[in-house]
Amino acid sequence: EYQTIGAFQAMMNVFRDSGGFVTAFSYIMLLAVIAGIMSTADSALISVSNCVTVDIFQNWLTPKLESSKLVMIGWMVSFTGILLAFGFAVYIHQTEMDFAVILTLQSAIAWQGFPAYLFGLYTNVSTKAILYGVIVGLLCDFVFVGMVFSDNDPFVELAPIMAGLNKSWAALIGVAANLLVTGICQCLCQFRDHYDEK
């Protein structure tokens with residue numbers, strides 16, 4: 001019975017069926033997991049709302065907008081994020097999408113920030129070059145992750161040995177593309193930031 005479900009869920013089921021204090025402990029553990037999920041979710045919503053409101057609207061599009069209207073924009077961004085997350089969760093449930101796709105895509109997107117972090121701290125690479133690298137890297141991630149998780153994986157057809165390889169390797173292709181494009185833009189196009197010209 002427990003072999004077809006995840007390890008945590010199986011453990012909770014065993015605890016629940018044991019009765020007494022162990023059952024109560026399983027419910028406490030479940031509440032702790034729910035609290036962790038809620039904490040992560042609201043942190044993500046706050047981060048996205050802050051980025052859109054402060055970085056895009058306050059510092060770029062509408063620098064003279066009143067604070068009350070910025071707060072309203074933040075609320076709308078948060079509400080839109082909730083609706084998108086809910087719709088995505090329903091879609092995953094109804095289509096029974098492989099959760100590994102989401103985990104691989106999440107790690108692929110997170111890896112795109114790594115070169116920018118290193119370049120920003122330790123080099124004078126132009127922000128334009130880094131931006132183009134991230135854009136190309138993300139596009140590669142979406143394409144490669146979509147290909148390796150499709151029913152007809154072209155890489156397995158080319159090399160059957162890749163069927164046993166963890167599919168998260170697709171995320172590293174995007175990082176390689178990011179670094180390559182950033183290097184090309186910096187060396188060949190010679191992008192420079194405005195503060196480097198002073």
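Residues numbered from 1 in each chain as written. Predicted model: local features only at pLDDT ≥ 70, side-chain atom pairs only at ≥ 80, totals over all residues. Heavy atoms only, no water.

Draft legend 1. Geometry of the nonpolar core. Counting residues in each nonpolar core, the largest one holds nine residues, listed as Val 101, Cys 140, Phe 144, Val 145, Val 148, Phe 155, Trp 169, Ala 170 and Ala 177. Elements that contribute at least two residues to this core include exactly helix H6 (127-148) and helix H8 (169-187). Here this core takes four residues from H6, the largest share from any one element. Look past the residues within four positions of Trp 169 in its chain and what remains in contact with it is Phe 144, Val 148, Phe 155 and Met 162. (Core = buried A, V, L, I, M, F, W, Y, C linked by side-chain atoms within 4.5 Å. Buried < 20%, exposed > 50% of the residue type's maximum accessible area, 1.4 Å probe, protein only. Helix = DSSP H or I, 4+ residues; strand = E, 2+ residues; numbered from the N terminus. Contact = heavy atoms within 4.5 Å.)

Draft legend 2. Inspection of a nonpolar patch on the surface at higher detail. A contiguous nonpolar patch, built from Trp 111, Phe 114, Tyr 117, Leu 118, Leu 121, Tyr 122 and Leu 172 and spanning about 770 Å² of accessible area, is present on the exposed surface. The dominant element in the nonpolar patch, judged by the number of residues it contributes, is helix H5 (residues 113-122), at five residues. Residue placement: Leu 172 occurs in helix H8. Taking relative accessible area as the criterion, Leu 172 reaches 48% and is therefore assigned partly exposed. (Patch = residues over 30% accessible without salt bridge, like charges linked within 9 Å, V, L, I, M, F, W, Y side chains within 5 Å. Areas by Shrake-Rupley, 256 points an atom, 1.4 Å probe, with all protein chains shown as cover. Salt bridge = Lys/Arg side-chain N within 4 Å of Asp/Glu carboxyl O.)

Draft legend 3. A look at the side chain of Gln 112. Tracing the sequence through the fold places Gln 112 in the loop between helix H4 (99-111) and H5. The contacts of Gln 112, once residues within four sequence positions are left out, are Gly 133, Val 134, Gly 137, Leu 138, Asp 141, Gly 174, Val 175 and Asn 178.

Draft legend 4. The packing of helix H2 (residues 20-61) against helix H3 (residues 67-95), seen in detail. For the pair H2 and H3, interaxial distance at closest approach is 9 Å and the crossing angle is 135°. In terms of their interaxial angle, H2 and H3 are classed as oblique. Viewed along their axes, H2 and H3 form a crossing whose handedness is right-handed. Across the interface between the two elements, Leu 45, Val 48, Ser 49, Val 52, Thr 53, Phe 57 and Gln 58 from H2 touch Leu 70, Ile 73, Gly 74, Val 77, Ser 78, Gly 81 and Ile 82 from H3. (Axes fitted to C-alpha atoms, helices over the stretch in contact; angles between N-to-C directions. Parallel < 35°, antiparallel > 145°, perpendicular 65-115°, else oblique. Left-handed = near helix turned anticlockwise from the far one by under 90°.)

Draft legend 5. Geometry of the environment of Val 71. Considering the arrangement of structural elements, one finds Val 71 in helix H3. The class for Val 71 is partly exposed, based on a relative accessible area of 42%. With 17 residues separating them in the primary sequence, Val 71 and Val 54 have C-alpha atoms 10.0 Å apart.

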